[in-house]
Amino acid sequence: MYDFAYHKPASVADAVKLLAADPDAKLVSGGHTLLPALKHRLNKPSSLIDLSGIADLKGIKKVGNSIVIGALTRHVEVATSDVVTAAIPALAYMASHIGDVQVRNRGTIGGSVSNNDPAADYPGAVLGLGATIHTSKRKIAADDFFQGMFTTALEADEILTAIEFPIPEKAGYAKMKNPASRYVMAGAFVSKGPMGVRVVINGAGPGVFRQSAMETALAASWAPGAVAGIKQDADGLNSDIHGSAEYRAHLVGVMAKRAVIAAG
Amino acid sequence: MPQVTLTVNGKQHSVAVEGRTLLVELLREKLRLTGTHVGCDTSQCGACVVHINGESVKSCTTLAVMCEGAQVTTIEGLAAADGTLHPMQEAFREYHALQCGFCTPGMVLSAIDLVQKHPEGLTEREIREGLEGNLCRCTGYHNIVKAIAAAADVMHGKRDTIAAAAE
Ligand SMILES: Cc1cc2nc3c(=O)[nH]c(=O)nc-3n(C[C@H](O)[C@H](O)[C@H](O)COP(=O)(O)OP(=O)(O)OC[C@H]3O[C@@H](n4cnc5c(N)ncnc54)[C@H](O)[C@@H]3O)c2cc1C
Ligand code: FES
Ligand code: FES
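The numbers attached to residues start from 1 for each chain and follow its sequence in the written order. For naming, the first written chain is A and the first written ligand is 1, with later ones following in the order written. Note on the predicted model: pLDDT of at least 70 is required for a residue's local features to be given, and 80 or more for side-chain atom pairs to be given and counted; whole-chain, interface and lining totals, by contrast, use all residues. As a rule here, side-chain values cover all heavy atoms of the structure and leave hydrogens and water aside.

1. As for the environment of B:Ile144
All names here are of chain B.
Here's step 1: Helix numbering and strand numbering both begin at the N terminus, where a helix is a DSSP run of H or I of at least 4 residues and a strand a DSSP run of E of at least 2. Mapped onto the secondary structure, Ile-144 falls in helix α5 (residues 142–155).
Here's step 2: Only protein chains enter the calculation, and the probe is 1.4 Å; a residue is then buried if its accessible area is under 20% of its type maximum, exposed if over 50%, and partly exposed in between. Ile-144 sits in the buried class, given a relative accessible area of 0%.
Here's step 3: Taking the C-alpha atoms as reference points, Ile-144 and Arg-93, separated by 51 residues in sequence, lie 9.9 Å from one another.
Here's step 4: When checking whether two residues touch, look at their non-hydrogen atoms; a contact exists if any pair is within 4.5 Å. Setting aside residues up to four positions removed in sequence, Ile-144 forms contacts with Phe-92, Ala-97, Met-107, Leu-131, Cys-136 and Thr-139.

What follows is the structure in structure tokens.
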């Protein structure tokens with residue numbers, strides 16, 4: 001790892017100031033994506049701005065008909081939260097299947113969503129529930145936030161502060177995990193509620209996407225059989241040592257069906 | 001150089017580190033606590049697991065500077081002052097839950113966190129899932145799982161000794 005300066009601001013405003021002042025600075029939350037990358041010298045930030053001292057970024061609360069989760073909230077906290085489990089059990093289930101215990105003890109929702117790894121779990125739930133991303137500058141709809149592999153609507157000096165999930169009537173998640181890393185090979189997050197009927201596919205393509213043919217079918221009839229016959233096109237899906245695009249296209253149908261069964 | 005003050009196995013240390021110093025480097029190279037191992041560079045093997053404020057964490061993927069004020073427990077901090085092993089250590093010995101021993105410090109620390117978080121008890125499946133972050137190249141895991149089940153009984157007061165659980 002190359003060395004860097006270290007800052008631990010106590011407020012979002014101070015963190016934004018540090019970030020704006022240094023184009024080569026990087027934010028760090030749980031560090032479970034950033035530190036492995038730095039260890040391989042894939043990145044050379046001049047300084048790290050540690051968000052972990054900012055109390056405003058922590059916590060889970062129910063506000064009206066939504067669950068609002070602070071950016072620094074760790075996967076273990078979402079997985080074991082009574083508030084989340086009561087309102088959106090599919091979200092707690094998803095968080096409880098990220099990586100392993102130790103990854104969940106450090107990794108945060110803000111880090112995962114800002115990073116937008118195509119194989120990550122959270123982007124599926126955020127888009128699949130039609131959530132709203134709160135930042136240091138504005139609020140962004142999930143439909144506008146994810147912009148393909150490792151790319152989001154966040155600007156260079158913008159910090160993700162919280163995510164607001166509208167409470168659905170039903171939601172379900174299923175993933176085929178890579179047996180070594182537990183990252184997603186192909187996953188589906190389905191929901192029905194204030195944001196309409198959503199079927200979001202993660203892991204399979206270069207970024208999360210909505211599967212509109214399956215959404216139309218589920219809107220007409222909410223049943224596992226409704227998505228089972230719909231073929232996912234393999235064009236544009238990922239092909240790598242873990243699986244071909246054709247295999248992933250097949251998994252999309254299987255995972256969507258399992259997600260609908262899970263949603264009930 | 002940044003200075004970090006933390007408590008390791010009950011003893012406070014104040015150490016000068018670089019921004020990039022990992023917690024495992026602080027433990028092994030500065031404090032000479034070499035029981036914590038490094039088995040990979042992809043954050044996957046769990047040989048480096050320690051407790052930070054009671055929770056299991058991969059010390060190879062945690063910056064030392066991020067541990068200011070933290071309470072850290074390593075494998076060296078588990079046995080009592082008179083050398084009596086922690087029930088989890090005793091169970092690993094009793095059940096032959098190790099061969100080369102490289103993964104063992106991380107396994108033991110992960111297992112203690114797992115048992116403490118489940119006062120209601122653990123099924124075999126829950127133990128296996130709880131060990132997803134720890135790889136062992138030698139044992140095939142079966143005896144590790146048995147050891148953890150026995151230690152859980154002792155830690156939760158269902159049996160008095162590991163030997164009794166082994167019967
Ligand atoms: C062995 C292993 C297995 C894993 N398995 C999975 C898995 O199965 N599924 C899965 O989804 N993930 C998995 N992960 C990734 C894990 O969930 C990460 O913790 C998560 O993706 C990133 O969160 P973090 O808090 O660690 O982010 P960090 O590593 O701290 O940061 C990640 C990136 O986001 C930026 N960032 C951080 N916080 C903010 C913010 N508030 N605003 C703007 N930018 C920010 C950082 O600058 C950095 O570029 C795994 C990781 C490991 C090491
Ligand atoms: S050394 Fe392998 S996970 Fe830390
Ligand atoms: S005992 Fe050898 S790696 Fe586990």
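Here the narrative resumes, following the displayed structure.
2. Section: the sheet that holds strand β4 (residues 55–58) of chain B
Residues and elements named next belong to chain B.
Here's step 1: Strand order across the open sheet formed by 5 strands is β2-β1-β5-β3-β4, with mixed pairing between neighbours. Two strands in the sheet have a free side with no partner beyond their single neighbour: β2 (11–16) and β4. Between one strand axis and the next, the sheet turns by 40° as a mean value, whatever way the strands run.
Here's step 2: Note: strand β3 (residues 49–52) against β4, 4 bridges, orientation antiparallel. Paired with His-51 across the bridge in β4 is Ser-56.
Here's step 3: Between N-to-C directions, angles span 0 to 180 degrees; the directions come from axes that are lines fitted to C-alpha atoms, helices contributing only their stretch in contact. Packed on one face of the sheet, helix α1 (residues 23–30) meets β1 (3–8), β2, β3 and β5 (71–73) and runs near 75° to β1. A pair of strands counts as paired when DSSP detects no fewer than two bridges linking them.

3. A closer look at the packing of helix α3 (residues 104–117) of chain B against α5(B)
Residues and elements named next belong to chain B.
Here's step 1: Between α3 and α5, the shortest axis-to-axis distance is 10 Å and the interhelical angle comes to 45°. Compared by their axis directions, α3 and α5 come out oblique. The crossing of α3 and α5 is right-handed. Counted together, Met-107, Ala-111, Ile-112, Val-115 and Gln-116 of α3 and Ile-144, Ile-148, Ala-152 and Met-155 of α5 form the full contact between these two elements.
Here's step 2: Classifying every residue of the contact of α3 with α5 gives 8 nonpolar, 1 polar and no charged. When an angle is under 35 degrees it counts as roughly parallel; over 145 it counts as roughly antiparallel; between 65 and 115 it counts as roughly perpendicular; any other value is oblique. By convention, the crossing between two helices is left-handed when the near helix turns anticlockwise from the far helix through less than a right angle, and right-handed when the turn is clockwise. Note on residue categories: nonpolar means Ala, Val, Leu, Ile, Met, Phe, Trp, Tyr, Cys or Pro, charged means Asp, Glu, Lys or Arg, and polar means any other residue, Gly included.

4. Side note on the pattern of salt bridges
Here's step 1: Just to be clear on terms, a salt bridge is a Lys or Arg side-chain nitrogen sitting within 4 Å of an Asp or Glu carboxyl oxygen. If you walk through the whole model with that rule in mind, you get 22 salt bridges over all chains.
Here's step 2: One salt bridge connects B:Lys117 with B:Glu55, and the closest N-O pair in it is separated by 3.9 Å. Placement of the pair is B:Lys117 in helix α3 and B:Glu55 in strand β4, with a sequence separation of 62 residues.
Here's step 3: Between B:Glu124 and B:Arg128 there is a salt bridge, and its shortest N-O distance comes to 2.8 Å. Taken together, the residues span about one helical turn, with B:Glu124 and B:Arg128 both in helix α4 (residues 124–130) at a distance of 4 residues.
Here's step 4: Given the relative accessible area of 48%, B:Glu124 is considered partly exposed.
Here's step 5: For B:Arg128, a relative accessible area of 31% puts it in the partly exposed group.
Here's step 6: A network of salt bridges, in which partner residues are shared, links A:Arg74, A:Glu77, B:Glu55, B:Asp113 and B:Lys117.

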